[in-house]
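Each chain is listed here by its residues.
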Amino acid sequence: MKTIVISSGDLTMGGLQKVLVEYLKLIDKNKYRIVLLIANDYGKKNLFLEEIPKNVEIQFVRPYNLVSKIAELSKNRKILNRLLLKRYRYRSKRVFKSIFLEKLSKLGKIDLIIDFDGGLKSILDNLKAEKKIIWIHSSIRKHKQDNKSKISRYGEELKKYDKIIAICKEMKEEIKELYPSLSHKIEYIYNPLDCNNIIEQGNENIEKMTSYEKELIESDYFLAISRLDAVQKDFETLIEGYLILKNKGIKEKLYIIVEGNVRVKIEKMIEVKNLCVIYGFTALGARRIIAIGDNINDKEMVQNAGLGIIMDNGAPYIKELADVIVANNNEDGVAEAIEKYILN
């Protein structure tokens, strides 16, 4: 039986993690031994841990106490904390390399290593396997912000892999254009999704919905769920594309549920008042956006969205502006908002 090692950063909530779980469900475990090496143990935040098939071997590289300490220091940016954070991050890198290589050495012959999130590039020369594959989940140009030097260095790292997997044809063409010499290595595979499962979850508990909640989903709609990331998630293209379709007469609504720390740029893009002026978007557009926030910089987004949702640990001033208050960040408040106001 051949051994496949798959490496990824964590099992917290995210699109990449969801796709990883779907692949693990599809691989024939009677033909392959699957070892999943996860870089960071986030304890209770390993939300996808329970969804991983039982016959997949799971091992964490960085222990929870180290991961949680770095997360704690990152919240407080005082000088002493910054110095400690630098020290812990340096230790974290050393721990990752030594433990990862130690775990690999105990697995015997490795037929394939899949670098599912690009986290192995720094230690790739030390990895012994018959073949090495990297998955690329976003536009390289956008991810590297069109920085020619960064794009060039990234190309040198990609040369060390036997195969490069993009998640769509357009991304494959971009990689070929950036690195013509790697064209023979590049393939694309669309992300696997269990559509039936999504539909089943979406139809659960409809009878418990309020009249407003039923109004939100009474007609067809597009739904974008993501962390706030102006570069990788490319909200600008989403919004511009939707408005082009609206001008062509489509009737579907657009619901956007977002979470994350990088807000300012995206807020300017989706702020409903500005969209009304720039694109001639009607006042009805406000009812097509759901916003989730927790701090003062979410004010405009929450005020102008059709439904403004605030976390329970949000700033008091912002909570006064909310249409709905859900559980705090540490108690799955975003999941509660999604379940109550979109899926159910």
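What comes next is a walk through the structure. All values reported here derive from a predicted model rather than from experimental measurement.

Describing the packing of aromatic side chains
Given two aromatic rings, their pairing is described by the distance between the two centres and the angle made by the two planes. Under the counting rule described, the total for this entry stands at six aromatic pairs. With 6.1 Å between their ring centres and 80° between their planes, Tyr-23 and Phe-116 make a pair best called edge-to-face. In this pair, Tyr-23 sits in helix α1 (residues 15–26) while Phe-116 sits in the loop between β4 (112–115) and β5 (131–136), placing the two residues 93 residues apart along the sequence. On the numbers, 5.4 Å between centres and 35° between planes, the contact of Phe-96 with Phe-100 is tilted. Placement of both Phe-96 and Phe-100 in helix α3 (residues 79–105) is noted, with a separation of four residues, approximately one turn of the helix. Residue classification places Phe-96 among the buried residues on the basis of a relative accessible area of 8%. Each member of the aromatic cluster is reached from another via a ring pair, and the members are Tyr-23, Phe-116 and Trp-135.

Points about the pairing of strand β11 (residues 307–311)
Burial within β11 is extensive, with five of its five residues counted as buried. Alternating residues of β11 divide into Leu-307, Ile-309 and Met-311 and Gly-308 and Ile-310, and every residue in both groups is buried. By the bridge criterion, three bridges tie β11 to strand β12 (residues 324–326) in an arrangement that is parallel. Across the sheet, residue Ile-309 finds its bridge partner in β12, namely Val-324.

Re the sheet that holds β11
Within the open sheet, the three strands sit side by side as β10-β11-β12. Their pairing is parallel. Of all the strands in the sheet, the pair left with one neighbour each is β10 (290–293) and β12. Each strand axis lies, on average, 25° off the axis of its neighbour in the sheet, ignoring direction.

Side note on the environment of Leu-238
Within the element layout of this structure, Leu-238 appears in helix α9 (residues 235–247). When residues no more than four places from it in sequence are discounted, the contact partners of Leu-238 are Ala-224, Leu-254 and Ile-256.

Reading the values: rules and limits
Residues numbered from 1 in each chain as written. Predicted model: local features only at pLDDT ≥ 70, side-chain atom pairs only at ≥ 80, totals over all residues. Heavy atoms only, no water. Phe/Tyr/Trp six-rings, centres within 6.5 Å; stacked < 30°, edge-to-face > 60°. Helix = DSSP H or I, 4+ residues; strand = E, 2+ residues; numbered from the N terminus. Buried < 20%, exposed > 50% of the residue type's maximum accessible area, 1.4 Å probe, protein only. Pairing = 2+ DSSP bridges. Axes fitted to C-alpha atoms, helices over the stretch in contact; angles between N-to-C directions. Contact = heavy atoms within 4.5 Å.

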